[in-house]
Amino acid sequence: MAKTIKWEKNFERALTRSRAENKMVMLDFFNPN
Amino acid sequence: MGAVTYPNEKVVEFIERHMVPIQVLFDSQPLAAKFNIQWTPTVITLDEEGKEHHRTVGFLSPEEFIPSLMLGLTKCHFDRGKFNEAIEMSEKILKDYPKSDAAPEAVYVRGVALCKSTHSADPLKEAYKRLMAEYPSSEWAKRAQPYRLL
């Protein structure tokens, strides 16, 4: 089964993970239409 | 992006290794206002404090998106004075994606990071020469023109 991106949906949680994992945040604004 | 770039295996692996990905609707508040989102897709590279260092607007293929993310990481490091890390990531762009749109800016940022870390102007002139040799029509070759006089 192909791997997919595991998106965060909560901004504060993404920042918390960023600090804990020493990774930068990739914030994608998308339009589903 | 959702149909072509995000399902790409190399894109998934790069993001998993280097980034914390978050996806929100284009009109999701307060983020859309905070980052002044006017069009999609808009992809922004942030540091752990939520400060923006790089953004792209519009579709990018996997071959352009990965080096664009790498440029975002380069600029995160550079903006925070981590010049060795910025140099290392910019060199990876130039090694792995030399024909990408991110490559000319990587040459420029690498030159400036080397200048700031070595306190020598020589890397700026070298960046100018490389830009003129390899990316003469890029905007970054134009921006580096003053360095020819160093």
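Residues numbered from 1 in each chain as written. Chains lettered and ligands numbered in written order. Predicted model: local features only at pLDDT ≥ 70, side-chain atom pairs only at ≥ 80, totals over all residues. Heavy atoms only, no water.

A. Fine view of the overall build of chain B. Looking only at helices and strands, chain B features seven helices and three strands. Along its sequence from the N terminus, chain B presents helices and strands in the succession α-β-α-β-β-α-α-α-α-α. Against the 2.2 N^0.38 benchmark of 15 Å for 150 residues, chain B shows a C-alpha radius of gyration of 16 Å, consistent with a compact globule. Its C-alpha atoms give chain B principal-axis dimensions of roughly 50 × 30 × 30 Å. Out of the 150 residues belonging to chain B, those deemed buried represent 53%. Nonlocal contacts in chain B, meaning residues at least 24 apart in sequence, comprise 46% of its contacts between residues at least 6 apart. Accessible surface computed for chain B: about 7800 Å², of which carbon and sulfur atoms make up 51%. Averaged over its 19 positive side-chain charges, chain B has a centre that lies 6 Å from the centre of its 21 negative ones. (Helix = DSSP H or I, 4+ residues; strand = E, 2+ residues; numbered from the N terminus. Rg over C-alpha atoms; globule rule 2.2 N^0.38 Å. Buried < 20%, exposed > 50% of the residue type's maximum accessible area, 1.4 Å probe, protein only. Contact = heavy atoms within 4.5 Å. Areas by Shrake-Rupley, 256 points an atom, 1.4 Å probe, with all protein chains shown as cover. Lys, Arg positive; Asp, Glu negative; His and termini not counted. Charge placed at Lys NZ, Arg CZ, Asp CG, Glu CD.)

B. Just the confidence of the model for chain B, in detail. Per-residue pLDDT for chain B averages 96, and the proportion of residues at 70 or more is 100%. Here the prediction assigns the complex a pTM of 0.93, and the interface score ipTM is 0.93. (pLDDT = per-residue confidence, 0-100.)

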